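Coordinates in review
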Amino acid sequence: MSKVLEHEIFGDDMQAVEIVLDPKEGVRSEAGSMLYMQNGVQMETNMEGGLMKGLKRAFTGEGLFLTKFTNYSDISQKVAFAAPYPGKIILLELSEVGGEYYCQRDSYLCSDTNVDLEIAFTKRLGAGFFGGEGFILQKLFGTGQAFIHAGGTVIRKELAEGEVLKVDTGCLVAFNTTVDYDIQFVGGFKNALFGGEGLFLATLTGPGIVYLQSLPFSRMADRVVTAAGILPNTGESTGVAGVGGGLIRDIISGGR
């Protein structure tokens, strides 16, 4: 088992995580997420795992490159990473039993060097085509700790064996690989067309841990678009009436 990262999370709605690095210890992060680092820490940006792994990360919404921060001094040094939009930072303990996680695209913030990040195709074709996060999810695995980011308030659910939870697809942040994940049509003509919640719900079946977010970035972007007068308020962009809003949202947010 890897060493537990000494860290502190600052803030409430716009959070940052500060990590203490012992001599020769390092962490990885998504390029562009570093907030500050002390003098003894050096950064090295490279394509971890080569071109193919870099391209796989790009498919999940992350960049081709990851940045490694290593403490080359003889004393402990600190490095901090900031969340990209309002929400919470979540610590995932991958060393625990069943500690592998599927995560939404763009959620990865940083991790120790014993954590690997790769693409993961959903088990069912329906979940891939109609899930709010698309056919590809991120998979985090290894023997260390990882920090991910979610929008708004974070809710942690621990599902028992066979327990079922239905979730708005955009509100799903992360879940254990032991959790069965599928997509179901909401049903009903009026629900689908005017409900504003999207056509599909994610169905999660335990056992395992599930993390939910109260404010998906897509929902926040839709509200910004509406407030700017670009489009009328049509509810979630995953719904029939929200297709246009989702397109505008993706343009102004750079696909995030």
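Description of the structure in this document.

Scoring rules and cut-offs
Residues numbered from 1 in each chain as written. Predicted model: local features only at pLDDT ≥ 70, side-chain atom pairs only at ≥ 80, totals over all residues. Heavy atoms only, no water. Pairing = 2+ DSSP bridges. Helix = DSSP H or I, 4+ residues; strand = E, 2+ residues; numbered from the N terminus. Axes fitted to C-alpha atoms, helices over the stretch in contact; angles between N-to-C directions. Salt bridge = Lys/Arg side-chain N within 4 Å of Asp/Glu carboxyl O. Buried < 20%, exposed > 50% of the residue type's maximum accessible area, 1.4 Å probe, protein only. Phe/Tyr/Trp six-rings, centres within 6.5 Å; stacked < 30°, edge-to-face > 60°.

**Regarding the sheet that holds strand S18 (residues 200–205)**
Reading across from one edge, S15-S18-S17 is the order of the three strands in this open sheet, with antiparallel pairing throughout. Each of the sheet's edge strands pairs with one partner strand only, and the pair in question is strand S15 (164–168) and strand S17 (180–185). Across this sheet, the average inter-strand angle for adjacent strands is 30 degrees, counted without regard to direction. Bridging between S17 and S18 involves six bridges; their strand directions are antiparallel. Each bridged residue has a counterpart across the sheet, and for Tyr 181 the counterpart in S18 is Leu 204.

**A closer look at the pattern of salt bridges**
Tallied over the full model, the rule gives four salt bridges. For Glu 100, the salt bridge goes to Lys 139, with nearest N and O atoms at 3.6 Å. Of the two residues, Glu 100 is situated in the loop between strand S8 (87–93) and strand S9 (101–103) and Lys 139 in strand S12 (residues 136–142); the sequence distance between them amounts to 39 residues. When its relative accessible area of 18% is taken as the criterion, Lys 139 is described as buried. With its nearest N and O atoms 3.5 Å apart, the salt bridge here joins Arg 156 to Glu 158. The exposure class of Arg 156 is partly exposed, given its relative accessible area of 44%. Owing to a relative accessible area of 58%, Glu 158 belongs among the exposed residues under this scheme.

**Some remarks on the packing of aromatic side chains**
Per the counting criterion, the structure on display carries four aromatic pairs. Measuring from centroid to centroid gives 6.4 Å for Tyr 101 and Tyr 211, while their planes differ by 45 degrees, and the two rings are tilted. Here Tyr 211 lies in strand S19 (residues 208–213) and Tyr 101 lies in strand S9, a separation of 110 residues in the sequence. Comparing Tyr 101 with Tyr 211, the two get one shared label, buried. Put simply, the rings of Tyr 102, Phe 175 and Tyr 181 pair up and form one aromatic cluster.

**What about the pairing of S18?**
The side chains of a regular strand alternate between both faces of the sheet. The pairing of S15 with S18 spans five bridges and is antiparallel. Bridging from a neighbouring strand, Leu 165 pairs with Leu 204 of S18.

**Re the pairing of strand S10 (residues 108–112)**
With five of five residues buried, S10 is to be regarded as a mostly interior element. With three bridges connecting them, strand S3 (residues 26–30) and S10 associate as antiparallel partners. The partner of Ser 29 across the bridge, within S10, is Cys 110. For S10 and strand S13 (residues 145–151), the ladder comprises three bridges, and the chain directions are antiparallel. In the strand pairing of S13, Tyr 108 is matched with Ile 148.

The values are spatial; any link to function lies outside them.
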